[in-house]
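Results of the structural survey
Here is how the chains run, residue by residue.
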Amino acid sequence: MTLPRIVSREEWPAAREELLVREKAATRARDALNADRRRLPMVEIDKEYVFEGGDGKATLPDLFEGRPQLVVYHFMFAPEWDAGCRSCSAFVDQIGHLAHLRARGTEFAVISRAPYTRILPFKARMGWTVPWYSSYDNDFNYDFLASFGTGAGDEGQEPYERPGVSCFLRERERIFHTYSTYERGLDGLGSTTSLLDLTALGRQEEWEKPEGRASALGAPAGSERIRYHDEYED
């Protein structure tokens, strides 16, 4: 096994400082990329999707739970599988307390093609409380490019699933798709801020570009709203 070279305690700060310069440049580049992501155009969703969840049938607007934004994780769980994908399970394991997302007007949900009767026992086995819905009876996974091979226009294509995240924005009664990413695009995601960075409203901080979205929810800027998770008022 190849290990880092050994230096003295006096030599180490210089090496660390050199790397810090590059880390700060990467942070600035990430901030610029996130701003460009928030400038992406959006597409109105005029198709009706009906999912199956813990409380029965639910439409896409229902998944927002009254909030302006929705982040969906496309969990690989095909209808014929007995259990969900191991990598997707590791992703959901690292999702933090949803109170912090919800305090910034953002709901989180997991969606899979497996029937809810298969999802429910696996969810219980994993001990998860995140909202999870089945898209078994609709084309949601195909329309948002997380499933292939048996949807409309997929004739002759070998069926397969892929993990992904899709973000949606609600403006009164209208729903818009603002962003999606898949596979390696999920690297580094899981924390509250990393998920908010994918959304149209972002972290809702005053320093974020484009301007004017920090106050979109009519509340103080993002970091000023952080509380202990049991202190939030929904």
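This text goes with the structure placed above it.
Remember, it's a predicted structure, so these values are computed and weren't measured experimentally.

**Side note on the pattern of salt bridges**
Here the idea is simple: oppositely charged side chains can pair when their charged atoms come close. Tallied over the entire structure, the rule returns 16 salt bridges. Residues aspartate 143 and lysine 47 are paired through a salt bridge, measuring 2.8 Å at the closest nitrogen-oxygen approach. One end of the pair, aspartate 143, is in helix 6 (residues 140–143); the other, lysine 47, is in the loop between strand 1 (43–44) and strand 2 (50–53), and 96 residues separate them in sequence. For arginine 113, the salt bridge identified is with glutamate 161, shortest N-O distance 2.6 Å. Residue arginine 113 is found in the loop between strand 5 (106–112) and helix 5 (116–126), and its partner glutamate 161 is found in strand 8 (residues 160–161); the two are separated by 48 residues along the sequence.

**Some remarks on the packing of aromatic side chains**
Scanning all chains against the criterion turns up 19 aromatic pairs. Relative to tryptophan 132, the ring of phenylalanine 75 has its centre 4.7 Å away and its plane inclined at 45°; by these criteria the two rings are tilted. Placement of the pair is phenylalanine 75 in the loop between strand 4 (69–74) and helix 3 (86–93) and tryptophan 132 in strand 6 (residues 132–134), with a sequence separation of 57 residues. For the pair shown, phenylalanine 75 and tryptophan 132 are each scored as buried. An aromatic cluster is present here, built from Tyr73, Phe75, Phe77, Phe91, Phe122, Trp128 and Trp132 joined pairwise through their rings. Geometry around tyrosine 179 places arginine 37 over its ring, the cationic atom sitting 4.9 Å from the centre. The cationic tip of arginine 162 hangs over the ring face of tyrosine 182; the distance from NZ or CZ to the ring centre is 3.8 Å.

**Observations concerning the pairing of strand 10 (residues 174–182)**
Of all nine residues that make up strand 10, eight are buried, and the element is covered over most of its length. Here strand 1 runs beside strand 10; their pairing, made up of two bridges, is antiparallel. Its bridge partner lying in strand 10, glutamate 44 is registered against phenylalanine 176. Inspection of the sheet shows strand 9 (residues 164–171) paired to strand 10 by eight bridges, in the antiparallel sense. When the bridges of strand 10 are listed, glycine 164 appears paired with tyrosine 182. The hairpin formed by strand 9 and strand 10 contains two residues between the paired strands, and arginine 172 there has a positive phi angle of roughly 55°.

**Some points on the nonpolar core**
Soluble, globular proteins show a tendency: their nonpolar side chains are buried together. Counting 29 residues, the largest nonpolar core has Tyr73, Phe75, Phe108, Val110, Trp132 and Val165 as the members making the most contacts within it. Elements with a contribution of two residues or more to this core: strand 4, helix 3, helix 4 (98–102), strand 5, helix 5, strand 9 and helix 7 (192–196). Tyr49, Leu63, Phe140 and Phe168 belong to the second largest nonpolar core, which has 16 residues in total.

**What to know about helix 1 (residues 12–38)**
Given 3.6 residues to a turn, an α-helix orients residues that are three or four positions apart in the same direction. The end-to-end C-alpha distance of helix 1 is 39 Å, a good match for the 39 Å that 27 residues give at a rise of 1.5 Å each. The set of residues buried in helix 1 consists of Asn34, Ala35, Arg37 and Arg38. Structurally, helix 1 contributes buried residues whose contacts are with strand 10.

Rules and cut-offs
- Residues numbered from 1 in each chain as written.
- Predicted model: local features only at pLDDT ≥ 70, side-chain atom pairs only at ≥ 80, totals over all residues.
- Heavy atoms only, no water.
- Salt bridge = Lys/Arg side-chain N within 4 Å of Asp/Glu carboxyl O.
- Helix = DSSP H or I, 4+ residues; strand = E, 2+ residues; numbered from the N terminus.
- Phe/Tyr/Trp six-rings, centres within 6.5 Å; stacked < 30°, edge-to-face > 60°.
- Buried < 20%, exposed > 50% of the residue type's maximum accessible area, 1.4 Å probe, protein only.
- Lys NZ or Arg CZ within 6 Å of the ring centre and 35° of its normal.
- Pairing = 2+ DSSP bridges.
- Core = buried A, V, L, I, M, F, W, Y, C linked by side-chain atoms within 4.5 Å.
- Expected span 1.5 Å × (residues − 1).
- Contact = heavy atoms within 4.5 Å.

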